Amino acid sequence: MELITRAPKGTVDLVPGTSEKWQLVEEVFRSEAELNGFAEIRTPVFEHTELFLRGVGDTTDVVEKQMYTFEDKGGRSITLRPEGTAGAVRAMLENGLYNAGYPVKLYYNTSCYRYEKPQAGRLRELHQFGVEMFGAAEPVADVQVIALALSAFKRLGLEDVGLQLNSIGCPECRKEYHKALKEYFTAHKEELCDTCLSRLERNPMRILDCKSPECQAVAKGAPKITDYLCEDCRAHFQKVQDYLTAMGVEFEVDPGLVRGLDYYTRTVFEFPSKSLGFALGGGGRYDGLVEEIGGKPTPGLGFGLGLDRIMMALEAQQVEFPQLPKCEMYIATMGEEAQKKAFLLLDELHRCGIPADTDLCGRGLKAQMKYAGKIGAKFTMVLGDNELQEGKAEMKNMKTGEKRKIAISGEDFINDYVTVSTEAEDFSQDGIFF
Ligand code: HAM
């Protein structure tokens, strides 16, 4: 029994009271992305497993340990997306989005699935807001992507978000670096975990990202990629930093930052929350990924922000959310005729985008008014035989108690409603975000 009354480990329900907050936060990211010319893409929640093996990399923790992979009834290997980038690249290619000209700018707001040990800030169903840009090789593209995330954080009132930057170079400068890493880690072989021992041959950079404390201790003394960057990668990284500095953005270069996914080249970055102690998001360039997935060589870059973690950070910082009215007008009714009339009036209000409701539970008048108070209705109106006969009813401001008679038919109803509600408008309660 317990199984069917509890959500699976590492998942959460977003219930009313919380879901409104999510909508506000998502709206900030969505509008910030659209202000920067990004358009929404929605891709399937599952893809062919091969996409992630090729895209994310078969020596990453995500692929080696965390994917929800299963065989479907047709015998295909299917995986629930562990992240949004690989699917966005596949969809960009499959739908020929590059035909509209570069840069292609996409954003998404999706759930992702990773079989991780659930703990604070680590879920099995997580939610990401991400952007991906294709066809822009210039350092300014990196700057736009980073700045977009930072201005959304600012609009949300998140004040303790840092920016850590690094460059992990291109395949060319990584050749020498891999050699140096292999040499270093081979000398510390005994201290490495089993997974990292297998990575030593296949992809030594992954050891830098291992979560085991022993491997982390060894990784601290490892050679740094920044000492191995080729001329072009070095110049690219410098320009990114110069632009950010010119924009007044504070950042920290962290030569140990390599990110957990294989597709990155050149610039990588994370947004650590100083108070929570983990990253709210991260991203970087992946100039080889489009080709890896079957397209022509095309530069790419983007980020993924963990919405679950961002909500935690907002809560930790006690950021206040604006209270958006759930009900502007509650129409209490007495009798069937009044109820019919109420539905006509609700229809008028809804057509004008005004949230309004009426009794659906057969309550008496007193209980209806109590309910209106409970749901925070701004105005109420009582409809009975007298009101129907007169063609007018009293619109009551629930905050001040003030009552005004308004027409209850045709255009006069909406006109009167708008007049009374505009006069009562309280502009003092603008939210933090907008
Ligand atoms: P990622 O660093 O694996 O990158 O994930 C991005 C963000 O998702 C993390 O910083 C974190 O906030 C959130 N996140 C990841 N795993 C979990 C989890 N188990 N529970 C809660 N939150 C989590 C990517 O996924 C890349 N696709 C980002 C990217 C886009 N790079 C370029 N474009």
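You'll find the structure just up there.
Below: a short report on this structure. Keep in mind that this is a model prediction, so the values were computed, not measured.

If you walk through the whole model with that rule in mind, you get 28 salt bridges. Here Glu116 makes a salt bridge to Arg122, at a shortest N to O gap of 2.9 Å. The class for Glu116 is buried, based on a relative accessible area of 12%. One salt bridge connects Arg351 with Glu348, and the closest N-O pair in it is separated by 3.3 Å. One end of the pair, Arg351, and the other, Glu348, are both in helix α13 (residues 336–351), three residues apart, so they sit about a helical turn from each other. Under the relative-accessibility criterion, Arg351 is labelled exposed at 63%. Look at the salt bridges and you will find they share partners, linking Asp61, Glu64, Lys65, Arg199 and Arg202 into a network.

Turning our eyes to something else, we now look at the environment of Phe251. Topologically, Phe251 is positioned in the loop between α10 (231–246) and β8 (252–253). Contacts of Phe251, omitting those with residues within four sequence positions, involve Leu163, Leu165, Gln241, Leu244 and Thr245.

Among the nonpolar cores identified, the biggest contains 48 residues, and Val89, Phe134, Phe185 and Leu208 are the most heavily contacted of them. The set of elements that each furnish at least two residues to this core consists of α3 (49–55), α4 (61–66), α5 (85–94), β5 (104–113), α7 (171–187), α8 (194–202), α9 (213–220) and α11 (289–292). If you tally residues by element for this core, the top one is α5, at six residues. The residues touching Phe134, leaving out its near neighbours within four places in the chain, are Ala88, Val89, Met92, Tyr102, Pro103, Val104, Leu106, Tyr286, Val290, Thr298, Pro299 and Gly300.

Bringing unusual backbone geometry into the picture now. Looking along the chain, the bond that leaves Tyr102 and enters Pro103 is cis, with omega of -5°. With respect to the helices and strands, the residue Pro103 is situated in the loop between α5 and β5. One non-glycine residue, Arg259, lies in positive phi territory at about 70°. Here Arg259 shows up in the loop between β8 and β9 (265–272). Classification of Arg259 by relative accessible area gives buried; the value is 12%. Backbone geometry at Arg266 places phi at a positive 50°, although glycine is not the residue there.

Neighbouring the ligand are 26 residues; Glu83, Glu116, Leu123, Glu132 and Tyr264 lie closest to it. The contact in question runs from a nitrogen atom of the ligand to an N or O atom on the side chain of Glu132, over 2.8 Å. Note that a nitrogen atom of the ligand is positioned 3.4 Å from one of the backbone N or O atoms of Phe303. If the ligand stood free it would expose 660 Å²; the protein chains cover 95% of that surface. Going through the elements one at a time, β6 (125–134), β10 (279–285) and β11 (300–306) are the ones with two or more residues in the shell around the ligand. Counting residues per element, the shell around the ligand draws most heavily on β10, which supplies five residues. For the shell around the ligand, the class distribution of residues is 10 nonpolar, nine polar and seven charged.

This paragraph deals with a positive patch on the surface. A contiguous patch of positive charge on the surface is contributed by Arg363, Lys366, Lys370 and Lys374. Within the secondary structure layout, Lys366 lies in helix α14 (residues 365–374). Take Lys366: its relative accessible area is 77%, and that puts it in the exposed class.

Cut-offs used in this document
Residues numbered from 1 in each chain as written. Predicted model: local features only at pLDDT ≥ 70, side-chain atom pairs only at ≥ 80, totals over all residues. Heavy atoms only, no water. Salt bridge = Lys/Arg side-chain N within 4 Å of Asp/Glu carboxyl O. Buried < 20%, exposed > 50% of the residue type's maximum accessible area, 1.4 Å probe, protein only. Helix = DSSP H or I, 4+ residues; strand = E, 2+ residues; numbered from the N terminus. Contact = heavy atoms within 4.5 Å. Core = buried A, V, L, I, M, F, W, Y, C linked by side-chain atoms within 4.5 Å. Near = heavy atom within 4 Å. Polar contact = N/O pair within 3.5 Å; in protein donor to acceptor, adjacent residues only side chain to side chain. Areas by Shrake-Rupley, 256 points an atom, 1.4 Å probe, with all protein chains shown as cover. Nonpolar A, V, L, I, M, F, W, Y, C, P; charged D, E, K, R; others polar. Patch = residues over 30% accessible without salt bridge, like charges linked within 9 Å, V, L, I, M, F, W, Y side chains within 5 Å. Lys, Arg positive; Asp, Glu negative; His and termini not counted. Charge placed at Lys NZ, Arg CZ, Asp CG, Glu CD.

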